[in-house]
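# A look at the structure
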Amino acid sequence: AVVSTQSGHYGRAIDIPEMFIPMKNHGNYIVRLGHVVKWLGEQAEELGVEIYPGYAASEVLFHEDGSVKGVATNDVGIAKDGSPKDTFERGMEIHAKMTMFAEGCHGHLSKQLFEKFNLRQSCQPMTYAIGIKELWEVPVEKHEPGLALHTVGWPMDHNTYGGSFLYHLNDGPLVAAGFVAALDYKNPYLYPFKEMQRWKTHPKIAQHLEGGERISYGARALNEGGYQSLPEVVFPGGLLIGCSPGFLNVPKIKGTHNAIRSGIIAADTTFDGIMDGTLTMEKGLTLETYSKAIKNSAVFEELYACRNVRPSFCTPAGLWGGMLYTGLFYVMLGGKEPWTLKHHGSDSDQLVEAKKQKPIDYPKPDNKLTFDLLSSVALSGTNHEGDQPPHLTLKDDAVPMQRNYALFDGPEQRFCPAGVYEYVPEEEGDGYKLQINAQNCVHCKTCDIKCPSQNINWVVPEGGGGPTYNGM
């Protein structure tokens, strides 16, 4: 359990007063989510639940009336050219009386459902962040089980939202270090991965990691829109739970508890619908009882209270204005102000042309505390079958050079935390082209979110491919 907490704005090496700190972690447990998920899966299987690891849901199935019928897994054993290999196996259809979508942030099926059923017509655009995490094994004498440390701001400027966490886990001499950069940043030269590496060089962070060994690496996009950006969570034949709709509490940087809460509510209301005969296999119905229960739950109560924290950092007062607002209206007054602030719009529209911004000079890695990108990706355990159709697709092959590179100096090569996108010289003649190293993809979804032309479409690769975050 958390026994000690620290918070600070380390650009100026100051501790943040208690009144401005929304992270109250005393008594909470520090866990490795990969272990929690594995344990939950074991409990579910003991109760008779069938789990299909290594199979990716690639398609939503519909009844003739347009309601959701279930999902289909993708075919496996298909070559790059689309021909079946010797290992070809047809995907399977899974039909249900109610299909729950729990894909995490920016799920590829959920975003199709948003459009088909117009689920975002009454909410503001979702805003996101990229979270990058490393797991370290540190010297025993430096390990302080139960210590939780958070920072805000540095090394990014005061107009770019971001922060960090550092947790001393209770098992082993392990420390989890994570950095979160909001994806509404404006400078196309900003490099979230390198921002994290620089963050670790601050003396108050470095003292926890020096002499240790980095043993794992990963990254994932996060929902930061909160209450204002929540879509409708029900539609004919299906519903959204967890981070698919976006139940993350931004100031606390926590969403697992709300994901579990929403899953329990979904299970209870779905069970009631099955037992009273409302839900059938013949036609998908809209489970309004789930929508009402969620809106009357602790999930909505919590998200409503912190609704203005994230947009308060997007004013001309920047970081300092957001901290002051958070301390006064959220920490002290519990989010009871009678107004609701608006977000700025889609993250993909926020970049300023490269010619109007200054390149950012990042220090070279020392391979002790800071590292290069490819050696980091190697620690994620990422693996994809090489001979398969691409899972990172471009809507228009000309857009990367004509717009993204020409106007924004190819931001894909920086916002991706896995080195998937590179602008490399053409084989013949002058100029560059975009090269996609799909085998590096850690499935964070950042490219699908931040691309200024919205030209990248992330779809599921062959089941079983991707990072292996055991213990992360």
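Quick summary incoming for the structure in this document.

How each quantity is defined
Residues numbered from 1 in each chain as written. Predicted model: local features only at pLDDT ≥ 70, side-chain atom pairs only at ≥ 80, totals over all residues. Heavy atoms only, no water. Helix = DSSP H or I, 4+ residues; strand = E, 2+ residues; numbered from the N terminus. Rg over C-alpha atoms; globule rule 2.2 N^0.38 Å. Buried < 20%, exposed > 50% of the residue type's maximum accessible area, 1.4 Å probe, protein only. Patch = residues over 30% accessible without salt bridge, like charges linked within 9 Å, V, L, I, M, F, W, Y side chains within 5 Å. Areas by Shrake-Rupley, 256 points an atom, 1.4 Å probe, with all protein chains shown as cover. Salt bridge = Lys/Arg side-chain N within 4 Å of Asp/Glu carboxyl O. 1 Å grid on protein atoms, 1.4 Å probe; cavity = no way out; pocket = protein on both sides within 12 Å on 5 of 7 lines; lining within 4 Å. Points joined across faces, edges and corners; volume = space filled by probe spheres on them. Nonpolar A, V, L, I, M, F, W, Y, C, P; charged D, E, K, R; others polar. Pairing = 2+ DSSP bridges. Axes fitted to C-alpha atoms, helices over the stretch in contact; angles between N-to-C directions. Contact = heavy atoms within 4.5 Å. Core = buried A, V, L, I, M, F, W, Y, C linked by side-chain atoms within 4.5 Å. Left-handed = near helix turned anticlockwise from the far one by under 90°. Polar contact = N/O pair within 3.5 Å; in protein donor to acceptor, adjacent residues only side chain to side chain.

Now for the overall build of the protein chain. Along the backbone of the protein chain there are 13 helices and 19 strands. For the protein chain, the C-alpha radius of gyration of 22 Å lies close to 23 Å, the compact-globule estimate for 472 residues. Seen through its principal axes, the protein chain has C-alpha atoms that stretch 65 × 60 × 45 Å. Counting all 472 residues of the protein chain, 51% fall into the buried class.

This part is about a nonpolar patch on the surface. Taken together, the side chains of Leu47, Val49 and Ile51 present a nonpolar region at the surface, about 300 Å² in accessible area. Take Ile51: it is sitting in the loop between helix H1 (33-46) and strand S3 (57-62).

Attention now goes to the pattern of salt bridges. Evaluation of the coordinates by the stated rule reveals twelve salt bridges. In this structure, Lys111 engages Asp448 in a salt bridge whose closest nitrogen and oxygen atoms are separated by 2.5 Å. Remark: Asp448 occurs in helix H13 (residues 446-450) and Lys111 occurs in helix H2 (residues 108-116); sequence separation between them is 337 residues. With relative accessibility at 23%, the residue Lys111 sits in the partly exposed group. Two residues, Arg310 and Glu224, come together in a salt bridge whose shortest N-O distance is 2.8 Å. With Arg310 in helix H8 (residues 309-312) and Glu224 in the loop between strand S13 (213-223) and strand S14 (234-235), this pair connects stretches of sequence that are 86 residues apart. According to the relative accessible area criterion, Arg310 is buried, its value standing at 3%. The class for Glu224 is buried, based on a relative accessible area of 4%.

Glancing now at the layout of surface pockets. By rolling a water-sized probe across the atoms, one finds the places where empty space is left. Approximately 530 Å³ is the volume attributed to the second largest pocket. Around the second largest pocket, the lining is made up of 18 residues, and of these His106, Arg120, Tyr128, Ser346 and Gln454 lie nearest the centre. If one sorts the elements of the lining of the second largest pocket by residue count, H2 sits on top with four residues. The class makeup of the residues in the lining of the second largest pocket is six nonpolar, six polar and six charged.

Our next topic: the pairing of strand S9 (residues 128-137). S9 sits mainly inside the fold: eight of its ten residues count as buried. Two strands pair when backbone bridges link them, and S9 and S13 are joined in this way by ten bridges, in the antiparallel orientation. Bridging from a neighbouring strand, Glu134 pairs with Tyr217 of S13. The sheet contact formed by S9 and strand S12 (residues 174-182) spans nine bridges and is antiparallel. In the sheet register, Leu135 faces S12, and the bridge partner there is Ala176.

So, on to the sheet that holds S14. The strands that make up a sheet pair up through hydrogen bonds in the backbone, lying either parallel or antiparallel. An order of S8-S15-S14 is seen for the three strands of this open sheet, with the pairing classed as mixed. Both edges of this open sheet fall to strand S8 (99-101) and S14, since each of them pairs with a single strand only. Of the pairings in the sheet, the one linking S8 to strand S15 (residues 238-240) comprises three bridges and is parallel in character. Along S15, the bridge assignment pairs Phe101 with Leu240.

Below, the discussion takes up the packing of helix H5 (residues 256-275) against helix H7 (residues 298-305). Two elements in contact, H5 and H7, have axes whose closest approach is 9 Å; the angle formed by their N-to-C orientations is 145 degrees. Contact with H5, carried on its side by His257, Asn258, Arg261 and Ser262, involves Ala298, Val299, Glu302 and Leu303 of H7 and no other residues of that element. Grouping the constituent residues of the contact of H5 with H7 by class yields three nonpolar, three polar and two charged.

Moving on, we come to the environment of Pro125. Note on placement: Pro125 falls in the loop between H2 and S9. On a C-alpha basis, the gap between Pro125 and His344 in space is 8.4 Å, while along the polypeptide they are 219 residues apart. Residue contacts for Pro125: discarding those within four places in its chain leaves Ser229, His343, Gly345 and Ser346.

What follows deals with the nonpolar core. Counting residues in each nonpolar core, the largest one holds 52 residues, and the members touching the most others are Ile130, Ile132, Leu166, Trp199, Leu392, Val420 and Tyr421. When residues no more than four places from it in sequence are discounted, the contact partners of Ile130 are Phe179, Val180, Ala181, Leu183, Pro192, Ala219, Arg220, Ala221, Pro417, Cys444 and Thr446. Ranked by size, the runner-up nonpolar core spans 16 residues in total, among them Met98, Val233, Val299 and Phe300.

The next point concerns H2. Every buried residue belonging to H2 is among His108, Leu109, Ser110, Leu113 and Phe114, and all of these are buried. Taken together, the buried residues of H2 touch S3, strand S4 (68-73), S8, S14, S15 and strand S19 (456-458). Looking one or two residues beyond H2, the residue adopting positive phi is Asn118, at roughly 55 degrees.

Before going further, it helps to examine the packing of H5 against helix H6 (residues 288-295). Axis angle and axis distance: for two packed helices, these are the angle between their axes and the distance between the axes, and together they describe the pair. Between H5 and H6, the shortest axis-to-axis distance is 9 Å and the interhelical angle comes to 145 degrees. Note that H5 runs across H6; the crossing there is right-handed. Each of Ser262, Ile265, Ala266 and Thr269 in H5 lies in contact with H6, whose residues at this interface are Thr289, Tyr290, Ala293 and Ile294. Within the contact of H5 with H6, the residues separate by chemical class into five nonpolar, three polar and no charged.

So, about the side chain of Gln124. Within the secondary structure layout, Gln124 lies in the loop between H2 and S9. Side-chain polar atoms of Gln124 contact the backbone nitrogen of His343, separated by 2.7 Å. If sequence neighbours within four positions are ignored, Gln124 has contacts with Gln228, Ser229, Leu341, Lys342 and His343.

Geometry only, nothing functional implied.
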